[in-house]
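Structural features, examined
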Amino acid sequence: MFFRRNKKQEIDFDHLPKHIGIIMDGNGRWAKKRGLPRSAGHSMGAEALKKIVTECNRIGIGYITVYAFSTENWKRPKEEVDYLMNLLLNYLKDAERSLAGENVVIRAIGSRAELSEEIQEQIIKTEAFTAKNDGIVMNIALNYGSRDEILQAVKTLAKKVSAGELDAEDIDDTKLSACLYTGGQPDPDLLIRTSGEERLSNFLLWQVAYSELWFTKKLWPDFTKEDLYQAIYDYQQRNRRFGGV
Ligand code: IPE
Ligand code: IPE
Ligand code: MG
């Protein structure tokens, strides 16, 4: 009889992706399949996330960026948006305690102005509480849209040019990258999207220029650490050329 070896045993832990991005998609379909409200899928999705972050931290991934709420997700019914906002608030509160104990540095990326005051305050608290940690950096993309992010960066640079602090000719990759929410962090090496959709949906458009994309039909609440190992294993089999030979 043959036993399939666990993918984890085949991973090269000396060459892990430094940064993993995740588009956590399929919560609604997960709930629908079970005859449950979409909110149940979001709750289970939050549980799946906790496990994945813990595992990434444990194996030594440096950064993880997770798409929690897009600038386009406001189009959903108010009831669903309210549920998601409440879930995110509780996630941040909870993370302040549980994930802080695991040494996770939590940061929120995205436009904060449209979020409730309560969430804005909680973000500041959670970020401050976890800033001294030195484990994995977890960027939670919350009211995040990549085009928005790039536009903000362009405006920041344009203002410097008009103030005479910067020569337009000197604007380069590095200067623009530094103005993004992820400024100072490495770009994702690996981007995971669940639920079978194969698109970026306005996530990290600039940062994923050379990321390896990995898709699975699994719905996000069903995503386990075995799936994470599979993604990392597959990533390690890829030949990244960055335009070279
Ligand atoms: C992803 O799951 C979570 C968020 C977008 C907040 P969805 O809610 O998009 O689930 P599906 O795609 O409808 O199944
Ligand atoms: C992307 O998923 C946003 C998040 C996972 C938070 P969506 O479900 O909103 O994306 P589309 O609508 O399928 O492109
Ligand atoms: Mg979706």
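Residues numbered from 1 in each chain as written. Chains lettered and ligands numbered in written order. Predicted model: local features only at pLDDT ≥ 70, side-chain atom pairs only at ≥ 80, totals over all residues. Heavy atoms only, no water.

Details of the side chain of Lys7
The condition is simple: Helix numbering and strand numbering both begin at the N terminus, where a helix is a DSSP run of H or I of at least 4 residues and a strand a DSSP run of E of at least 2. The contact rule is simple, with two residues in contact once any of their heavy atoms fall within 4.5 Å.
For Lys7, the location among the structural elements is in helix α1 (residues 7–10). Apart from residues no more than four positions distant in its own chain, Lys7 is found in contact with Tyr229, Gln230 and Tyr233.

Thoughts on the site of ligand 1
For the record, the criterion: Near, as used in this document, describes a residue that has one of its heavy atoms within 4 Å of the molecule or strand being considered. Any pair of N or O atoms that falls within 3.5 Å is considered a polar contact. Within protein, one atom must be able to donate a hydrogen and the other to accept it, and sequence-neighbouring residues count only if both atoms are side-chain atoms. A 1.4 Å probe and the Shrake-Rupley method give the accessible areas. Residues count as covered only by the protein chains that appear here. Side-chain classes follow a simple rule in which Ala, Val, Leu, Ile, Met, Phe, Trp, Tyr, Cys and Pro form the nonpolar group, Asp, Glu, Lys and Arg form the charged group, and the remainder, Gly included, forms the polar group.
Contacts to ligand 1 come from Met24, Asp25, Gly26, Asn27, Gly28, Arg29, Arg38, His42, Ala68, Asn73, Arg76 and Leu84. In the environment of ligand 1, an oxygen atom lies 2.9 Å from a nitrogen or oxygen atom belonging to the backbone of Gly28. In the environment of ligand 1, an oxygen atom lies 2.9 Å from a nitrogen or oxygen atom belonging to the side chain of Arg38. In the complex, 87% of the free accessible area of ligand 1, which totals 380 Å², lies under the protein chains. It is helix α2 (residues 27–33) that provides the largest number of residues to the shell around ligand 1, a total of three residues. The residue inventory of the shell around ligand 1, partitioned by class, reads three nonpolar, five polar and four charged.

Re the pairing of strand β5 (residues 190–193)
Remember that side chains alternate between the two faces of the sheet whenever the strand is regular. Rule in force here: Each residue gets one of three labels from its accessible area relative to the maximum for its type: buried under 20%, exposed over 50%, partly exposed in between, using a 1.4 Å probe on protein chains only. By definition, two strands form a pair when at least two bridges between them are found by DSSP.
Neither face of β5 is left uncovered, since the one carrying Leu190 and Ile192 and the one carrying Leu191 and Arg193 both have all their residues buried. Pairing analysis gives four bridges linking strand β1 (residues 19–23) to β5, with the strands arranged parallel. When the bridges of β5 are listed, Ile22 appears paired with Ile192. Bridge count between β5 and strand β6 (residues 212–215): four bridges; the pairing is parallel. If you follow Leu190 over to β6, its bridge partner there is Glu212.

Section: helix α6 (residues 146–162)
Helical geometry note: an α-helix holds 3.6 residues per turn, so side chains three or four residues apart project in the same direction. Filter applied, for reference: By this rule the span expected of a helix is its residue count minus one, scaled by 1.5 Å. The reported arc concerns the directions from the helix axis to the C-beta atoms and nothing else.
Along its 17 residues, α6 runs 24 Å from first to last C-alpha, staying within 8% of the 24 Å computed at 1.5 Å per residue. Among all positions in α6, only Ser146, Glu149, Ala153 and Leu157 are buried. Along the axis of α6, the buried positions cluster into a sector of 70°, meaning they face one direction only. Seen from the open side of α6, the exposed residues pointing more than 90 degrees away from its buried face are Arg147, Lys159 and Ser162. The inward-facing, buried residues of α6 abut β4 (137–144) and α7 (173–178). At the C-terminal side of α6, Gly164 shows a positive phi close to 75°.

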